[in-house]
Amino acid sequence: VQLVESGGGLVQPGGSMRLSCAASGFTFSSYTMSWYRQAPGKERELVAVVTSAGGITNYADSVKGRFTISRDNAKNTVYLQMNSLKPEDTAVYYCSVRRLSRYWGQGTQVTVSS
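## What about the overall build of the protein chain?
Point 1. Assigned secondary structure in the protein chain consists of zero helices and 11 strands.
Point 2. Reading the secondary structure of the protein chain in the N-to-C direction produces β-β-β-β-β-β-β-β-β-β-β.
Point 3. Against the 2.2 N^0.38 benchmark of 13 Å for 114 residues, the protein chain shows a C-alpha radius of gyration of 13 Å, consistent with a compact globule.
Point 4. Counting only C-alpha atoms, the protein chain reaches 40 × 25 × 20 Å along its principal axes.
Point 5. A sequence separation of at least 24 residues applies to 52% of the contacts in the protein chain between residues at least 6 apart.
Point 6. As displayed, the protein chain has an accessible area near 5900 Å², and 46% of this comes from carbon and sulfur atoms.

Quick look at the structure:
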């Protein structure tokens, strides 16, 4: 299993950013995919989940209405569109899948600051 995140960087408060996660080594279209994040000094937290066919999504209360998770099973890629970003969204964002055990990407840093 390999998960490779991209798209992080520095953005001003109120801005937008889209993260991508390219997956390989498993049948991507058969698995629920998740985005997590971990801010400095804090526990890793679940941000968003999308089911295998993309029909069901779920979000942490802190991002509901601002973030959108989606997937393209033809490209083996899951996305996280982040709008109206706040300084408290600053974290390393991780893509993840559970197959017997949980697998993680290397993470991508998102910094929201003026």
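## Re the sheet that holds strand 3 (residues 17-24)
Point 1. Judged by pairing direction, the sheet is antiparallel, and its four strands sit side by side in the order 1-3-8-7 without closing on themselves. The sheet is open, and its two borders are formed by strand 1 (2-6) and strand 7 (67-72), each paired with just one other strand. Pairs of neighbouring strands in the sheet enclose a mean axial angle of 15°, with direction left out of account.

## Section: the side chain of Asp89
Point 1. Counting through the fold element by element, Asp89 comes out in the loop between strand 8 (77-82) and strand 9 (91-99).
Point 2. Asp89 sits in the buried class, given a relative accessible area of 0%.
Point 3. In this view, Asp89 contacts Arg37, Arg66, Phe67, Ser84, Val110 and Val112; residues no more than four positions away in its chain are not counted.

## Here's the deal with the state of the cysteines
By definition, a disulfide is the covalent link that joins the sulfur atoms of two cysteine residues.
Point 1. Applying the stated criterion across every chain yields a total of one disulfide.
Point 2. Cys21 shares a disulfide with Cys95; S-S distance 2.1 Å. Between Cys21 and Cys95, the disulfide has an S-S torsion of -75° and is therefore left-handed. Separated by 74 residues along the polypeptide, Cys21 in strand 3 and Cys95 in strand 9 bring together distant segments of the chain.
Point 3. Classification of Cys21 by relative accessible area gives buried; the value is 0%.

Procedures and definitions
- Residues numbered from 1 in each chain as written.
- Predicted model: local features only at pLDDT ≥ 70, side-chain atom pairs only at ≥ 80, totals over all residues.
- Heavy atoms only, no water.
- Helix = DSSP H or I, 4+ residues; strand = E, 2+ residues; numbered from the N terminus.
- Rg over C-alpha atoms; globule rule 2.2 N^0.38 Å.
- Contact = heavy atoms within 4.5 Å.
- Areas by Shrake-Rupley, 256 points an atom, 1.4 Å probe, with all protein chains shown as cover.
- Pairing = 2+ DSSP bridges.
- Axes fitted to C-alpha atoms, helices over the stretch in contact; angles between N-to-C directions.
- Buried < 20%, exposed > 50% of the residue type's maximum accessible area, 1.4 Å probe, protein only.
- Disulfide = S-S within 2.5 Å.

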